[in-house]
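Summary of structural features
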Amino acid sequence: MEYKKYKDISISRLGFGNMRLPEKDGRIDREKASAMIDRAMKGGVTYYDTAWMYHHEDSETFLGEVLPNYPRDSFCLATKFNIGFNPDYRHVFETQLKKLKTDYLDFYLLHAIGDNTIHPYVDDGSLAYLIEQKEKGRIRNLGFSCHASNDSLRWFVEQYDWDFAQIQLNCFDWLFSHTQEEYRILEERNIPIVVMEPVRGGRLSRLTPEAEAMLHEAHPEWSLASWMFRFVRSLPQVQVILSGMSTMEQVEDNLRTFDDDNNFTDADRELLFRAMEMFKAQMQVPCTACRYCTDDCPMGINIPEFLKYYNKYKVDGDWGLKDLLAKVETMATPDECLNCGSCANHCPQSIDIPSIMTEMGEKFY
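Below, the structure is looked at part by part.

Here is what the cut-offs are and how they apply
Residues numbered from 1 in each chain as written. Predicted model: local features only at pLDDT ≥ 70, side-chain atom pairs only at ≥ 80, totals over all residues. Heavy atoms only, no water. Helix = DSSP H or I, 4+ residues; strand = E, 2+ residues; numbered from the N terminus. Areas by Shrake-Rupley, 256 points an atom, 1.4 Å probe, with all protein chains shown as cover. Lys, Arg positive; Asp, Glu negative; His and termini not counted. Charge placed at Lys NZ, Arg CZ, Asp CG, Glu CD. Expected span 1.5 Å × (residues − 1). Buried < 20%, exposed > 50% of the residue type's maximum accessible area, 1.4 Å probe, protein only. Arc of directions from axis to C-beta. Contact = heavy atoms within 4.5 Å. Salt bridge = Lys/Arg side-chain N within 4 Å of Asp/Glu carboxyl O. Pairing = 2+ DSSP bridges. Axes fitted to C-alpha atoms, helices over the stretch in contact; angles between N-to-C directions. Parallel < 35°, antiparallel > 145°, perpendicular 65-115°, else oblique. Nonpolar A, V, L, I, M, F, W, Y, C, P; charged D, E, K, R; others polar. Phe/Tyr/Trp six-rings, centres within 6.5 Å; stacked < 30°, edge-to-face > 60°. Lys NZ or Arg CZ within 6 Å of the ring centre and 35° of its normal.

Examining the overall build of the chain
A count of helices and strands for the chain gives 17 helices and 12 strands. Its C-alpha atoms give the chain principal-axis dimensions of roughly 65 × 50 × 45 Å. Carbon and sulfur atoms provide 47% of the accessible area of the chain, an area that totals close to 16700 Å². Charge centroids of the chain, computed over 40 positive and 58 negative side chains, lie 4 Å from each other.

Notes on helix α17 (residues 353-364)
For α17, built from 12 residues, the straight-helix expectation of 16 Å at 1.5 Å per residue is met to within 8% by its first-to-last C-alpha distance of 16 Å. Within the sequence span of α17, burial applies to Ile353, Pro354, Ile356, Met357, Met360, Gly361 and Phe364. The buried residues of α17 occupy an angular sector of 160° when the element is viewed end-on, so they sit on one face. Residues of α17 that are buried in the fold lie against α14 (303-316), α15 (321-325) and α16 (342-345).

Remarks on the pattern of salt bridges
Here the idea is simple: oppositely charged side chains can pair when their charged atoms come close. Here the structure, examined in full by the defined rule, presents 23 salt bridges. A salt bridge links Lys7 to Asp163, with the nearest nitrogen and oxygen atoms 2.8 Å apart. Of this pair, Lys7 sits in the loop between β1 (3-6) and β2 (9-12) while Asp163 sits in the loop between α7 (150-156) and β10 (164-168), and the two are 156 residues apart along the sequence. Ionic pairing is found between Glu94 and Arg138, a salt bridge with its closest N-O pair at 2.8 Å. In this pair, Glu94 sits in helix α4 (residues 89-100) while Arg138 sits in the loop between α6 (126-135) and β9 (139-146), placing the two residues 44 residues apart along the sequence. Here the salt bridges do not stand alone but share partners, grouping Arg27, Arg30, Asp58 and Glu65 into one network.

Regarding the sheet that holds strand β11 (residues 193-196)
Reading around the barrel, the eight strands line up as β3-β6-β7-β8-β9-β10-β11-β12 and close back on themselves, with parallel pairing between neighbours. Shown here is a sheet whose adjacent strand axes are inclined to one another by a mean of 25°, direction ignored. Bridge count for strand β7 (residues 76-81) against strand β8 (residues 105-113) is four bridges, and the pairing is parallel. Paired with Ala78 across the bridge in β8 is Phe107.

So, the packing of helix α3 (residues 59-66) against α4
Two packed helices can be described by the angle between their axes and the distance between those axes. Between α3 and α4, the shortest axis-to-axis distance is 7 Å and the interhelical angle comes to 40°. In terms of axis orientation, α3 runs oblique to α4. Contacts between α3 and α4 involve Glu60, Thr61, Leu63 and Gly64 from the first element and Gln96, Lys99 and Leu100 from the second. Across the contact of α3 with α4, the residue classes break down as two nonpolar, three polar and two charged.

Focus on helix α13 (residues 266-283)
Compared with an ideal rise of 1.5 Å per residue, which puts 18 residues at 26 Å, α13 spans 26 Å between its outermost C-alpha atoms and is within 8% of the ideal. Looking only at α13, the buried set comprises Asp268, Leu271, Leu272, Phe273, Ala275, Met276, Phe279 and Met283. Residues of α13 that are buried in the fold lie against α8 (171-176), α10 (209-218), α11 (224-233) and α14.

Here's the deal with the packing of aromatic side chains
For the coordinates displayed, the defined rule picks out 25 aromatic pairs. Through a chain of ring-to-ring contacts, the aromatic side chains of Phe81, Tyr89, Phe93, Tyr108, Tyr121 and Tyr129 assemble into a single cluster. Its guanidinium or amino end placed over the ring of Trp52, Lys99 lies 4.8 Å from that ring's centre, counting from NZ or CZ. It is Arg140 that lies over the ring of Tyr104; its NZ or CZ is 3.7 Å from the centre.

Written out as structure tokens, the structure is:
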């Protein structure tokens, strides 16, 4: 296992995220999940991340059952306060200590900082309260996880001398989102980074056949997930990389990745970026929202809007998409498409719109 110095301790580069544990009958499968934790412990993983709401508020309880089987100084425990989920920060914090069966937390985060929640975290007293808990030794390191704009992030990092920050960071977002700027903001202030979604919720473990073949030819022994981890490991400001593991196979693959030297070269980086370009181009349809397709649609389907969400689905997966699709202003939905072909005949980009409407109708309606 690779370790990296953090203050006066060393922490495993691989962190175990406890948001996607195996389930049975709608609850955490204790037997399988416990075996995965034990294998990770024996493999040298020392960072375990959870939160109040994970697994319907059961993740912290599960860890409180399992982790006391190991010496408390053999691992670091991280959990979070989310103001939108339960604003009673005093109750949440005290309950978390009880559920996790510990009298201190190694890492504690203000959870999912967003443009709409960033000021309430400061104004409602939760930040001040958590600073007090840190002064009492009940929190060893205080940080935050961020889903805000970069302008909001710049403001928030000035509100406290943060010990660490957690951001979504992966090679796809590095190229096509504002992740690089997030990284630079934290790097300029020398705030260590804990990475979430390094494989983008598992989406980057499945690319297009051409992109996968190109990466496999270069390193047949690396899984696609391993490629993603190796890129993130190469960034010097990154302290810990979380993986929300769901199977023992994922645990074993991750342990193999972090057990060897990160011989991720500049050539590997260039190849991975090429694969991401191919993946993006092949997974998304080139809709320009010109709306030539909508004028003659007999059902009045808002085709460009649905194509926008189709692209999101192809890259991000279907999490939360039904709620977004329900808000589309349209006279009809993709499942009502007549497959008449009028839209495709008017599309300057030659998109096979009827096939996409059929796919969306079968998937979401």
